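Residue-level listing of the chains:
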Amino acid sequence: MGRSLLKSRSRQVLKCGEYYWKNNSQLSSLRMYSDGGSLKEVLAKKIPQEREKMLGIKCLHGDKKLGEIKVSNVMGGQRGLLLLMCDTSYVDPNKGIFYRGIPLKEVCAKLPRTQKGSKEGTPEGAFYLLTAGKMPNKKQAKAVTTEWQKRGKLPDYCFKLLDSMDKRVHPMAQFCAASAALNPESKFVEAYNKGAKKPKYWEYIYEDSMNLCAFLPTVASVIYCNIFKGGKGNRKLDSSKDWSDNFCNMMGYKDSGFVDLMRLYLILHADHESGNVSAHTTQLVGSALSDPYLSFSAGMCGLAGPLHGLANQEVLVWLDKLVAAIGCEPSDEQILKFINDTLKSGRVVPGYGHAVLRQTDPRFSLQNAFAMKNCKNDPGVKLVTRLWKLIPKVLKELGKVANPYPNVDAHSGVLLQHYGMNEMKYYTVLFGVSRALGVLPQLIWARALGAPIERPKSFTTDFLCKFLSKSKKGKKGKSGRKGRKGRKGRKGKKGKKSRKGRKNRKGKKSRKGKKSRKGRKGKKSKKSKKSKKSKKGPKKC
Ligand code: NMX
Ligand code: MLT
């Protein structure tokens, strides 16, 4: 955009009555942050520019249409509707997943390797990327690690809560409970109660998000050790270890291969734009100004569903059943029969399909590439790789599955099992720890940009039926309409002729032409008023 255009646009924006942030004195406090430096300083510099941009868009283009809403969109889980804005990541049906515009494969390749000997980048670096919008250098990624080490001491009451949980409570239910129970730590609640102003909200959401990320490996590892290791396990963070290494260490895993897998896993599962259940729930709850602990916990309750994150547990349960039924190295025919039996029983094939992607999930491919490098002869890995070729064929034959290819959950379990983590009931917690790195930056930005409380409008089935029957009547009256269409067609021809005519008479008759067009318009508008009248009912509805 040229400078002069930008200037005139910003003048227009300034004219907008809504230009709230700029005139709000609280904003000036953000300017005390210097360029670059810590993640918070980078954000403080970026946020005013983004606010300006968003307000400009809203003021200048607020009435533009992004699409139409069909009944099938509403009745079909709002699929395909452009309803949410999210800059941290984007999912393209065919091109895959992008973190801040960078393809996920490239993200994994470029994230700085900060711990000596590690082959993968750090999730802390991914958090920096998703939050700041730029790939961090080694120093910036390491700074997040150091911050989280400093902030990571879990309050005693949270340990007590987790230790008091009955072992039958699912690890995800424990994870959700502990995340919500941490809300006395919320800096946002404290500031809100003291009367903090809207432009400053993001700063407290940022503090809460950083603290919550810092707490999560301890929360998750205590759940793991309490349920599966009889409560034994190290509960202290080691300042020489990064976030993933500390997490693995506290769960009792020392193998550097497993720690590298965990780094990759936590990067891959982090963000997936904002329409998926866990991200959207976090944003929805956060829009009511519930603090990040409560919002994240709500999102995790959604992740715990079998069609979402719990699918990674379901895949392993299904694979175990497959092996129990037809052995470790079954024939293709045996596998195909097993898949068909699953479908006949009315169940979905877990780990396959996606609401947006129409190709193999890049997160599946990246895990498979890790497997090919590190454990290609593992029986589970071999089986998953074979299924990748067989399941899509069967799902395609059903004729209704929009995406017959594997998603992220089809692969993760066998990799974890390769390194000895067999407790499949726990797998979704790992997904949850990772998802914090995406949904919390989304929350910081939502508050930074003043996203309002979400409140779509619902309608009753009765309203829909009346609306549909009235529009049907409208169509019947279309015999009239058909006639009109026919007339339109004729008009079109006439129009062409008359335009031609006008062309021939160009110049002289142009005014007349205009007049006559006006005249036609006048007539038309009378007609359209009539047709509007007939539609009045449903419109009112
Ligand atoms: N196995 C059998 N049937 C399927 C599958 C599958 N893997 N995927 C979709 N279908 C069916 C789906 O149940 C629906 O059937 P019906 O009309 O009878 O209700 C039909 O195909 C059309 O669904 P789609 O439009 O393809 O999928 P949708 O966008 O509604 O749902 C999922 C997406 C991911 C929920 C769906 O593909 C699924 O249930 N997959 C298995 C569970 C899974 O792996 N979930 C994890 C998703 C990733 N994550 O991490 O969250
Ligand atoms: C996710 O990672 O959130 C899943 O792939 C589910 C989705 O996008 O709906």
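Predicted model only: the values in this text are computed from it and were never measured.

A. View of the side chain of R435. Inspection of the secondary structure puts R435 in helix α21 (residues 427–448). Of the buried charged residues, R435 lacks a salt bridge, with D271 as the closest side chain of opposite charge at 5.7 Å. A polar side-chain atom of R435 sits 3.2 Å from a polar atom in the side chain of S278. When residues no more than four places from it in sequence are discounted, the contact partners of R435 are H269, A270, D271, H272, N276, S278, F296, M300, H308 and R363.

B. A look at the site of ligand 2. Within the structure, ligand 2 sits among H272, N276, H308, H354, R363, F431 and R435. The side chain of H272 places a nitrogen or oxygen atom 3.2 Å from an oxygen atom of ligand 2. Side-chain polar atom of R363 to an oxygen atom of ligand 2: 2.7 Å apart, as the coordinates give it. About the coverage of ligand 2: the protein hides 83% of its 260 Å² of free accessible area. For the shell around ligand 2, a count of residues per class yields 1 nonpolar, 4 polar and 2 charged.

C. Representation of the confidence of the model for the protein within the structure. In this model, the protein carries a mean pLDDT of 87, and residues with pLDDT of at least 70 account for 81%. Below a pLDDT of 50 lies the segment residues 23–35, which in the model reaches 20 contacts outside its immediate sequence neighbourhood of four places, other chains included. Every residue in residues 478–541 scores below 50 in pLDDT, and together they form 21 contacts with partners more than four places removed in sequence or on other chains.

D. Structural detail: the pairing of strand β1 (residues 89–92). Where β1 lies against strand β2 (residues 96–99), 4 bridges are found, and the strand directions are antiparallel. When the sheet's bridge partners are listed, S89 is paired in β2 with Y99. Counted between consecutive antiparallel strands, the loop separating β1 from β2 contains 3 residues.

E. View of the nonpolar core. F175, V219, M421 and Y426 are the most contacted members of the largest nonpolar core, which has 115 residues in total. Per element, the largest residue contribution to this core is 17 residues, and it comes from helix α11 (residues 201–228). Residue contacts for M421: discarding those within four places in its chain leaves Y224, M251, Y253, F258, L416, Y426, Y427 and L430.

F. Structural view of the site of ligand 1. What surrounds ligand 1 is a group of 22 residues, the closest being H308, G351, Y352, K400 and D409. H308 is positioned with one of its side-chain polar atoms (N or O) 2.7 Å from an oxygen atom of ligand 1. The separation between an oxygen atom of ligand 1 and a polar side-chain atom of N407 is 2.9 Å. Across the complex, the protein chains shield 73% of the 890 Å² of accessible surface that ligand 1 would expose by itself. Classifying every residue of the shell around ligand 1 by side-chain character gives 13 nonpolar, 6 polar and 3 charged.

G. Representation of unusual backbone geometry. Positioned with a positive phi, R100 is a non-glycine residue whose angle comes to about 50 degrees. With respect to the helices and strands, R100 occurs in the loop between β2 and β3 (102–103). Phi at L289 is positive, roughly 65 degrees, even though this residue is not glycine. Mapped onto the elements, L289 comes out in the loop between α14 (277–287) and α15 (292–303).

H. Here's a closer look at the environment of L387. Topologically, L387 is positioned in helix α19 (residues 379–398). Note on L387: relative accessible area 3%, which makes it buried. Put simply, L387 and I339 are 48 residues apart on the chain and 9.7 Å apart in space, counted from C-alpha to C-alpha. With sequence-adjacent residues up to four places away left out, L387 is seen in contact with W318, L319, L322, I335, Y352 and P392.

Reading the values: the criteria
Residues numbered from 1 in each chain as written. Chains lettered and ligands numbered in written order. Predicted model: local features only at pLDDT ≥ 70, side-chain atom pairs only at ≥ 80, totals over all residues. Heavy atoms only, no water. Helix = DSSP H or I, 4+ residues; strand = E, 2+ residues; numbered from the N terminus. Buried < 20%, exposed > 50% of the residue type's maximum accessible area, 1.4 Å probe, protein only. Lys, Arg positive; Asp, Glu negative; His and termini not counted. Salt bridge = Lys/Arg side-chain N within 4 Å of Asp/Glu carboxyl O. Polar contact = N/O pair within 3.5 Å; in protein donor to acceptor, adjacent residues only side chain to side chain. Contact = heavy atoms within 4.5 Å. Near = heavy atom within 4 Å. Areas by Shrake-Rupley, 256 points an atom, 1.4 Å probe, with all protein chains shown as cover. Nonpolar A, V, L, I, M, F, W, Y, C, P; charged D, E, K, R; others polar. pLDDT = per-residue confidence, 0-100. Pairing = 2+ DSSP bridges. Core = buried A, V, L, I, M, F, W, Y, C linked by side-chain atoms within 4.5 Å.

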